[in-house]
Amino acid sequence: MVETKMLRGTKVKMTPSEAIVETLVAEGVKHISGILGSAFMDMLDLLPTAGIRFIGVRHEQSAAHMEDAYCRVSGVAGVVIGQNGPGMTNMVTSVAAANQAHTPMVVISPSAGTPTVGWDGFQECDQVSIFKAITKETVRVTHPGRVADCLRTAFRIAYAERGPVLFDIPRDYFYGEVEDQILQPHQYRVDSRGCGSSESLDRAAEILAEAEYPVIISGRGTVDSDGIEEIKNIAEHLTAPVAVSYMHNDAFPADHPLAVGPIGYMGSKAAMNTLKKADVILAVGTRLSVFGTLPCYDIDYFPKDAKIIQIDINPRQIARTHPVEVGIIGDAREASREIMKRLKEIKPILKQEKARMVEVTNEKQKWEEELVELAMIDGTPINPRRALLELTKVLPENAIVSSDIGNVSSTANAYLKFNQSRRHIAALTFGNTGFAYPSALGAKLAEPNTPVLAIVGDGAWGMSLHEVSTAVEENIPVIACVFNNNAWCAEKKNQVDFYNNRFVGADIQNPDFAEVARSMGAVGIRVEKPEELGPVIEAAIKSNKPTVIDIQVDGTQLAPPFRKDALKMPTRLLEKYAHLDHKNWDNNY
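Computed from a predicted model, the values in this text were never measured in an experiment.

Caption draft 1: Representation of the sheet that holds strand β18 (residues 479-484). Ordered by their spatial adjacency, 6 strands build an open sheet running β16-β15-β17-β18-β20-β19, and the pairing between neighbours is parallel. Looking at strand neighbours, the two that pair on one side only are β16 (424-426) and β19 (523-527), the edges of this open sheet. On average, adjacent strands in this sheet sit at an angle of 15 degrees to one another, irrespective of strand direction.

Spelled out as structure tokens, the structure:
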């Protein structure tokens, strides 16, 4: 551990590996995920003595998904590492996902040794260039004596700009001798954020006070800043309904009377029908992404003429997708708190708009009834909506749920409800399959005593089931709920609606996933009846063992296309393909 004299600012001799590990210790890093490699073995050897657990995954993509979720739940930046070359390029997808999710992460990137750079040596790769577009910054160690300084810079940027940072270190720079001191985080980075300019806060409060029908959209920034209480205060003062941004269903408690649920693909009709009425929108900690505000269920719900007040810590996100009346660059909680102070001065008396409360209650009730009605339609063997309904019925109050991308996983957006923050870990707008299960492992590392479930389609499960071995080996008891419909059903729905039921590459043949899980040392259960699912999940939570539930669902009961706006009915100009033209579908060829 770090010596007292080092903490007082005295430089001491150590190896670069020791300087790196001690900086990680100072940052509170408890574990690192990756696959061991010769490039960083000198540093790896120090981890057990330093009290840092190394989580060995089966594929490096899983490592960054794990650390993404770990940070979303704990608030502590995740750390990943891999062998130079292919080990690092295997992480590209998951680091890109974390980047779009605004998740602080440090990617320790051993690179080719300096004596051989440029000779196309074994596993040589320009990792800095590859990761430049999918990280907030790439920090390259230019001298062994700079390793601690560069790593501090990586953590500073990761937290400040909310995303992954590459820490690239030539593999020969782990060795040698340096003279340095180990600083504490408060000496090189500041986490507290301001509330924004007073003029902008004044104007925002005035607009909200004058609004006839204000609606709040709460996003990831509210969760990260622990600002939900402040949103509640504003909502109750104005009787303003609160929607949550796409796949951030934990950004406002679902049981609050003013909560209307998520917007975005397969979100809440109650939220959409409510947002349509808004003359003022207070968007807190959300970038209002294009995909997250697209029409859904044929409801073009995002108002064109509403005045938007947008609060975001990153000035790049203000008015990026929708023009704003007021932009506030600041911490979600601090800015909301200041707006509330001003609202109390303008409208000191809390007057509940009873008619609005009735509207909100009615919209929510109608939507809940529709969700249950859709779920209770018979399926062969199980309607996927029914499976989602049964799952949500038995979720403990504190359960964490990760969700993948795909037809069933996205439909879960309508069914998942949370009353606590940091409970919903979703693939979000990067939308890569294979996200949910490794993310569930990371969430469980953050809260070992909390039940963690992953909602995964069978296609995505094929990309992540190898990590069951990791769960068993590392004793990380998460529950994989695999919705098995023997197809890539999100894309299959496109082929139904736009390609006259011509299925190319959509159908997949799966093994018995429960049997595979058992062969890997986990509990494996196959479910073919909807009434079986709830008790199976309850038993899995109680067992506290890695569990895979292979849920047999109907592959014909499909959600609407993801990007209906981006597809067109096919036309064909060559005679060879004329029978595939939508105008000729009724002809006999």
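Caption draft 2: Structural view of the nonpolar core. By size, the foremost hydrophobic cluster in this structure holds 79 residues, and its most contacted members are Val107, Tyr265, Leu275, Ile281, Phe302, Tyr437 and Trp461. For Phe302, the contacting residues outside a window of four places in its chain are Ile217, Leu275, Ile281, Leu288, Thr293, Ile308 and His322. Membership of the second largest hydrophobic core comes to 39 residues, among which are Ala50, Val79, Ile81 and Tyr159.

Caption draft 3: Structural view of the confidence of the model for the protein chain. Summing up the model confidence of the protein chain, the mean pLDDT is 94 and the portion of residues at 70 or higher is 98%. Under a pLDDT of 50 for its full length, residues 1-5 has, in the predicted model, 8 contacts with residues more than four places off or in other chains.

Caption draft 4: Spatial organisation of the side chain of Ser94. With respect to the element layout, Ser94 can be found in helix α7 (residues 92-100). Separated by 2.9 Å, the side chain of Ser94 and the backbone oxygen of Gln61 make a polar contact. With sequence-adjacent residues up to four places away left out, Ser94 is seen in contact with Glu60, Gln61, Ala64 and His65.

Caption draft 5: View of the sheet that holds strand β7 (residues 164-170). Read across the open sheet, the 6 strands follow the order β3-β2-β4-β5-β7-β6; overall the sheet is parallel. Each of the sheet's edge strands pairs with one partner strand only, and the pair in question is β3 (53-56) and β6 (137-140). Ignoring which end each strand starts from, the neighbouring axes of this sheet average 25 degrees apart. Where strand β2 (residues 31-34) lies against strand β4 (residues 78-81), 2 bridges are found, and the strand directions are parallel. Bridging across to β4, Ser33 finds its partner in Val80.

Rules of the game
- Residues numbered from 1 in each chain as written.
- Predicted model: local features only at pLDDT ≥ 70, side-chain atom pairs only at ≥ 80, totals over all residues.
- Heavy atoms only, no water.
- Pairing = 2+ DSSP bridges.
- Helix = DSSP H or I, 4+ residues; strand = E, 2+ residues; numbered from the N terminus.
- Axes fitted to C-alpha atoms, helices over the stretch in contact; angles between N-to-C directions.
- Core = buried A, V, L, I, M, F, W, Y, C linked by side-chain atoms within 4.5 Å.
- Buried < 20%, exposed > 50% of the residue type's maximum accessible area, 1.4 Å probe, protein only.
- Contact = heavy atoms within 4.5 Å.
- pLDDT = per-residue confidence, 0-100.
- Polar contact = N/O pair within 3.5 Å; in protein donor to acceptor, adjacent residues only side chain to side chain.

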